[in-house]
2 protein chains.
Amino acid sequence: MSKLFVVGIGPGNYENMTIRADNALKNAQVIVGYTVYVDLVRERYPGKEFLTTPMTREAIRCQLALDKAKEGRSVAMICSGDSGIYGMAALLYELRGENIDPEIEVIPGLTAACSGGALLGAPLTHDFAVISLSDRLTPWEKIEKRLECAAQGDLSIVLYNPRSKGRPDNLRMACDILLRYLPEDRPCGVAHSIGREGEWAEYMTLSELRTADVDMFCTVFIGNAMTKMVAGKLVTPRGYRDV
Amino acid sequence: MSKLFVVGIGPGNYENMTIRADNALKNAQVIVGYTVYVDLVRERYPGKEFLTTPMTREAIRCQLALDKAKEGRSVAMICSGDSGIYGMAALLYELRGENIDPEIEVIPGLTAACSGGALLGAPLTHDFAVISLSDRLTPWEKIEKRLECAAQGDLSIVLYNPRSKGRPDNLRMACDILLRYLPEDRPCGVAHSIGREGEWAEYMTLSELRTADVDMFCTVFIGNAMTKMVAGKLVTPRGYRDV
């Protein structure tokens with residue numbers, strides 16, 4: 001049976017890939033992905049057939065990968081971060097349906113909650129929610145409700161897709177919702193281009209985050225009630241010191 | 001300045017480690033960790049000094065790592081999964097305080113939300129919450145509130161530490177709370193010993209999860225309102241097909 005690997009490549013640099021993901025790309029004949037992600041790996045895996053589609057063409061990209069695998073080629077579909085978390089694995093399962101050819105193997109990768117958290121310090125030592133602010137596929141009211149629930153539950157919050165050209169106000173609107181429940185001085189952090197050229201980390205309060213200079217390459221972290229700055233890092237304790 | 005690496009080794013097998021984590025362990029002189037995790041890596045990194053402490057001795061273990069690093073040794077403190085998410089990074093920052101010697105570098109690893117999700121299919125394609133059911137360091141009322149909030153926000157939910165000998169009823173109690181908001185037939189999955197000997201995946205409804213045979217090596221996934229079984233896998237769509 002032919003096989004399709006869905007590979008999470010992590011934040012983008014080679015060192016943050018898993019050994020399993022690296023092996024899958026080495027062994028693949030065809031590497032399929034969004035243009036920007038394929039460019040991140042292209043030089044390291046010479047001699048492959050690379051197939052790309054632009055952003056927002058997810059279904060076409062996945063069908064392409066399924067078709068190539070059905071032709072008997074060994075195919076790796078790459079996703080930035082994890083292959084499941086906001087990745088392409090679910091869409092591939094959906095498009096393949098109840099037919100189980102090609103076989104799909106999901107290879108996990110570091111999602112930005114892990115890699116961005118490590119860059120900023122240790123903001124996710126306790127329970128947390130991951131919420132995307134992209135309303136391309138999700139009604140804004142649903143996002144709003146999830147932000148409210150996460151704040152009411154005192155979960156640390158990681159915001160993916162906090163802002164883009166088409167959504168310049170989403171982060172400000174999200175902060176305004178959170179500020180109904182959380183204090184203005186709640187410690188927050190922003191991780192930019194994690195593991196890639198132009199990586200930076202910045203720290204601020206929730207009220208400062210409202211107007212922060214954040215773009216689509218940022219992942220935003222909002223602390224829980226215990227989160228504090230320690231030696232310049234965003235740190236959420238879990239109570240180990242009190243045992 | 002001396003340096004301490006806090007290394008997330010992922011679920012436990014070598015292939016699911018990142019290249020960066022592997023390099024850090026290769027270069028370290030001393031590897032410190034909870035006995036079970038050190039045993040997972042011991043054979044692969046010969047010639048190191050290994051220091052272990054039992055579970056629940058987190059502060060002692062972290063102080064040991066800090067002290068060794070201050071002596072000028074190159075030290076790697078290992079954590080299963082990610083080094084930040086329920087890991088030791090925050091405690092190391094806390095114990096070090098405002099003094100910045102030794103330098104701490106947090107090396108992320110695959111948390112069970114990523115690795116367990118991949119094993120079960122693609123349950124986390126959309127917003128989700130990660131909640132630990134361990135009430136060793138967290139009052140049960142707080143866990144209960146977080147479960148309620150996550151269910152009300154239609155977040156997919158990942159449960160860490162769903163059950164242990166000391167907490168035989170926590171998963172059943174958690175399901176009872178969730179069942180106040182979620183339907184009995186909500187698709188769920190359990191991932192056991194991900195990437196290790198004895199790995200298995202099982203699928204069930206939320207009402208079946210209530211009495212499922214789950215232990216401390218399990219990670220539990222509860223779908224959101226869109227989650228369904230597709231060809232035997234737990235899949236949460238994100239709406240890409242409707243674009």
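Computed from a prediction, not measured in an experiment: that's the story for all the values here. (Residues numbered from 1 in each chain as written. Chains lettered and ligands numbered in written order. Predicted model: local features only at pLDDT ≥ 70, side-chain atom pairs only at ≥ 80, totals over all residues. Heavy atoms only, no water.)

Q: Would you mind going over the pairing of strand S11 (residues 218-222) of chain B with me for this structure?
A: Strand residues, when the strand is regular, have side chains that alternate between the two faces of the sheet. Residues and elements named next belong to chain B. Of all 5 residues making up S11, 5 are buried, and the element is well covered by its neighbours. Burial along S11 is two-sided: the face carrying Cys218, Val220 and Ile222 and the face carrying Thr219 and Phe221 are both buried. Here strand S8 (residues 156-160) pairs with S11 via 3 bridges, running antiparallel. Looking at S11, one finds that Ile157 is bridged to Ile222. Inspection of the sheet shows strand S9 (residues 187-192) paired to S11 by 5 bridges, in the antiparallel sense. In the strand pairing of S11, His192 is matched with Cys218. (Buried < 20%, exposed > 50% of the residue type's maximum accessible area, 1.4 Å probe, protein only. Helix = DSSP H or I, 4+ residues; strand = E, 2+ residues; numbered from the N terminus. Pairing = 2+ DSSP bridges.)

Q: Whenever I open this one, the interface of chain B and chain A confuses me. Can you help?
A: It is common to give the size of an interface as the accessible area lost on bringing the parts into contact. Listed by partner, the interface residues are 72 residues for chain B and 72 residues for chain A. Carbon and sulfur atoms make up 63% of the surface buried where chain B meets chain A, a total of about 6,300 Å² over both sides. The tally of links from chain B across to chain A stands at 8 salt bridges. Measuring nitrogen to oxygen at the nearest pair gives 3.6 Å for the salt bridge that ties Lys228 of chain B to Glu94 of chain A. At the junction of chain B with chain A, the criterion picks out 31 residue pairs in polar contact (both at pLDDT 80 or more). Ranked by the residues each element gives to the side of chain B that touches chain A, the list is headed by helix H4 (residues 89-96) of chain B, at 7 residues. When the residues that make up the side of chain B that touches chain A are grouped by side-chain class, the tally is 34 nonpolar, 20 polar and 18 charged. The pairing of strand S7 (residues 128-132) of chain A with strand S7 (residues 128-132) of chain B spans 3 bridges and is classified as antiparallel. Residue pairing for S7 of chain B: Val130 of chain A is matched across the bridge by Phe128 of chain B. (Contact = heavy atoms within 4.5 Å. Buried area = accessible area lost by both parts, 1.4 Å probe. Salt bridge = Lys/Arg side-chain N within 4 Å of Asp/Glu carboxyl O. Polar contact = N/O pair within 3.5 Å; in protein donor to acceptor, adjacent residues only side chain to side chain. Nonpolar A, V, L, I, M, F, W, Y, C, P; charged D, E, K, R; others polar.)

Q: It is not clear to me how the packing of helix H6 (residues 140-152) of chain A against helix H6 (residues 140-152) of chain B should be interpreted in this structure. Could you clarify?
A: Helices that pack against each other are described as a pair by the angle of their axes relative to one another and the distance between those axes. One can describe the packing of H6 of chain A onto H6 of chain B by two numbers: an axis separation of 8 Å at closest approach and a directional angle of 180°. When the axes of H6 of chain A and H6 of chain B are compared, the pair comes out roughly antiparallel. Contact residues: H6 of chain A offers Lys145, Cys149 and Gln152 of chain A, while H6 of chain B offers Lys145, Cys149 and Gln152 of chain B. Split by residue class, the contact of H6 of chain A with H6 of chain B holds 2 nonpolar, 2 polar and 2 charged. (Axes fitted to C-alpha atoms, helices over the stretch in contact; angles between N-to-C directions. Parallel < 35°, antiparallel > 145°, perpendicular 65-115°, else oblique.)

Q: Looking at this structure, I do not really get the environment of Gly223 of chain B. What am I missing?
A: Residues and elements named next belong to chain B. Tracing the backbone through its elements, the reader meets Gly223 in the loop between S11 and strand S12 (228-230). Residue Gly223 is classed as buried on the basis of its relative accessible area, which comes to 1%. Along the chain, Gly223 and Arg172 lie 51 residues apart, while their C-alpha atoms are 17 Å from each other. When near neighbours in sequence (up to four residues on either side) are disregarded, Gly223 contacts Ser156, Arg186 and Pro187.

Q: I tried to follow the packing of aromatic side chains on my own but got confused; where do I start?
A: How two aromatic rings sit relative to each other is given by the distance of their centres and the angle of their planes. By the definition in use, this model includes 4 aromatic pairs over all chains. Its end group placed over the ring of Phe50 of chain B, Arg42 of chain B keeps NZ or CZ at 5.0 Å from the ring centre. (Phe/Tyr/Trp six-rings, centres within 6.5 Å; stacked < 30°, edge-to-face > 60°. Lys NZ or Arg CZ within 6 Å of the ring centre and 35° of its normal.)

As far as function goes, none of this settles anything; it's purely spatial.
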